[in-house]
Amino acid sequence: MGVKRKHVTAERCKISTGLVPIILYIAMAIVTASAAKAQDQPPSPFAGTHGTVAIDPGHGGKDVGSRGNAGTTEKEICLAIARELTHRLEPTYRVVLTRSDDYDIPLVERTAIANHHRADLFISIHTGASYLRNTEGMGIYHYQPAARTAAAPSPPNTTLPLWHQAQMAHSNASQTLAASLRQSLVQLADRPTVRTIAAPLSVLQGADMPAVIIEVGYLTHPSTEEALRSAEYQAALAKAIAKGVERYYATSLRHER
Ligand SMILES: [Zn+2]
């Protein structure tokens, strides 16, 4: 046995030694090809028309967000859906995640990251919570400044930093994005009720691109919590959101650019 093994080993060594220059050549060719491919990113047929999508998984770290009766936390569901959505979008879009793991970041930093990367869209993912266990459905929020009355007039603009008003320029596009996402989400197998809601949400205020917050369901609703925990439903949600993004680009951005 020992002799035979020695022979085989020697034989392998011989072959390996002879192949070294060839293997090195192939490896160099692969590295060169990869480098060329990397320079050509993105390889999608939509390159140049489809851009960067910022995905913001809500909460994180000590900030768990809402919690379901079975102990599911909002932060973990948001991250799982965001990761799934990244996989769905990445072949076509450049994706920027405001957080890629379980840590917290301040609200203003989330839109600042999107602005820094010159994202074309900002999609924040959250779940809903209610004291009433039977409250269900989804909500897609887009920014609208708080209504001013004669008794509470608008403060002079000079008191606000300019970036605080960044979302104002995109309010129509954000509304269109919300509608596009809604059209896809209502087609999910469980046919959820999806509302689009205009609200003065500070998290969206500084986003210098069309921006929405999607509440993908109430964690406090027992069967919704169960669904949101399943990888299958998370994938279905991500697929629907990705379709909504596609619809938005197809119907809206093309005309704006
Ligand atoms: Zn939340």
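First, a word on what this report is: a plain description of the structure on this page. Predicted, not measured: the structure shown is a model, and the values here were computed from it.

1. Regarding the coordination of the zinc ion
Between any two of four tetrahedral donors, the ideal angle at the metal is 109.5 degrees; between two of six octahedral donors, it is 90 or 180 degrees.
Right, on to step 1. Binding of the zinc ion to the protein goes through His59 (NE2), Glu74 (OE) and His126 (ND1), at separations of 2.1 Å.
Right, on to step 2. For His59, a relative accessible area of 17% translates into the label buried.
Right, on to step 3. Judged by relative accessible area, Glu74 falls into the buried class, the value being 4%.

2. Here's the deal with unusual backbone geometry
Right, on to step 1. Phi is positive for His59, close to 60°, though the residue is something other than glycine.
Right, on to step 2. Relative to the elements of secondary structure, His59 occurs in the loop between strand S1 (52-57) and helix H2 (74-89).
Right, on to step 3. In the Ramachandran plot, Arg118 falls in the positive-phi region, its phi being about 50° despite a non-glycine side chain.
Right, on to step 4. Counting through the fold element by element, Arg118 comes out in the loop between helix H3 (107-116) and strand S3 (121-128).

3. Side note on the side chain of Glu225
Right, on to step 1. Looking at where Glu225 falls in the secondary structure, it is placed in helix H6 (residues 222-229).
Right, on to step 2. Buried and unpaired, Glu225 has no salt bridge, with Arg229 as the nearest side chain of opposite charge at 4.3 Å.
Right, on to step 3. Leave out the neighbours within four places in its chain, and Glu225 touches Gly68, Asn69, Ala70, Gly71, Thr72, Tyr218 and Leu219.

4. Some thoughts on the pattern of salt bridges
A side chain of one charge can pair with a side chain of the opposite charge if their charged atoms are brought near each other.
Right, on to step 1. Tallying each qualifying case throughout the model produces four salt bridges.
Right, on to step 2. For Arg110, the salt bridge identified is with Asp56, shortest N-O distance 2.8 Å. Taken together, the positions of Arg110 in helix H3 and Asp56 in strand S1 put the pair 54 residues apart, joining distant regions of the chain. Note on accessibility: Arg110 and Asp56 belong to one class, buried.
Right, on to step 3. One continuous salt-bridge network, built from bridges that share partners, spans Asp56, Asp104 and Arg110.

5. Comments concerning the sheet that holds strand S6 (residues 211-218)
Strands belonging to one sheet form pairs held by backbone hydrogen bonds; the direction of such a pair is parallel or antiparallel.
Right, on to step 1. Pairing in this open sheet of six strands is mixed, and the strands run S2-S1-S3-S6-S4-S5 from one edge to the other. Unpaired on one side and paired on the other, strand S2 (94-97) and strand S5 (194-199) mark the two borders of the sheet. Geometrically, the sheet is characterised by an average inter-axis angle of 25° between neighbouring strands, direction not taken into account.
Right, on to step 2. Bridge analysis of strand S4 (residues 138-143) against S5 gives six bridges, and the strand direction is parallel. The partner of Ile140 across the bridge, within S5, is Thr196.
Right, on to step 3. Of the strands in this sheet, S1, S2, S3 and S6 are in contact with H2, which crosses S3 at around 145°.

6. Some words on the packing of aromatic side chains
Right, on to step 1. This model, assessed by the stated rule, comprises two aromatic pairs.
Right, on to step 2. Consider the rings of Tyr93 and Tyr249, whose centres lie 5.2 Å apart with planes at 40°: the pair is tilted. Of the two residues, Tyr93 is situated in the loop between H2 and S2 and Tyr249 in helix H7 (residues 231-256); the sequence distance between them amounts to 156 residues.
Right, on to step 3. A relative accessible area of 4% means that Tyr93 is categorised as buried.
Right, on to step 4. Through successive ring pairs, a cluster of aromatic residues spans Tyr93, Tyr248 and Tyr249.

Reading the values: the criteria
- Residues numbered from 1 in each chain as written.
- Predicted model: local features only at pLDDT ≥ 70, side-chain atom pairs only at ≥ 80, totals over all residues.
- Heavy atoms only, no water.
- Donors = N, O, S within 2.8 Å, 3.2 Å for Na, K, Ca; no water.
- Buried < 20%, exposed > 50% of the residue type's maximum accessible area, 1.4 Å probe, protein only.
- Helix = DSSP H or I, 4+ residues; strand = E, 2+ residues; numbered from the N terminus.
- Lys, Arg positive; Asp, Glu negative; His and termini not counted.
- Salt bridge = Lys/Arg side-chain N within 4 Å of Asp/Glu carboxyl O.
- Contact = heavy atoms within 4.5 Å.
- Pairing = 2+ DSSP bridges.
- Axes fitted to C-alpha atoms, helices over the stretch in contact; angles between N-to-C directions.
- Phe/Tyr/Trp six-rings, centres within 6.5 Å; stacked < 30°, edge-to-face > 60°.

Such coordinate-based values are descriptive only and should not be taken to indicate function.
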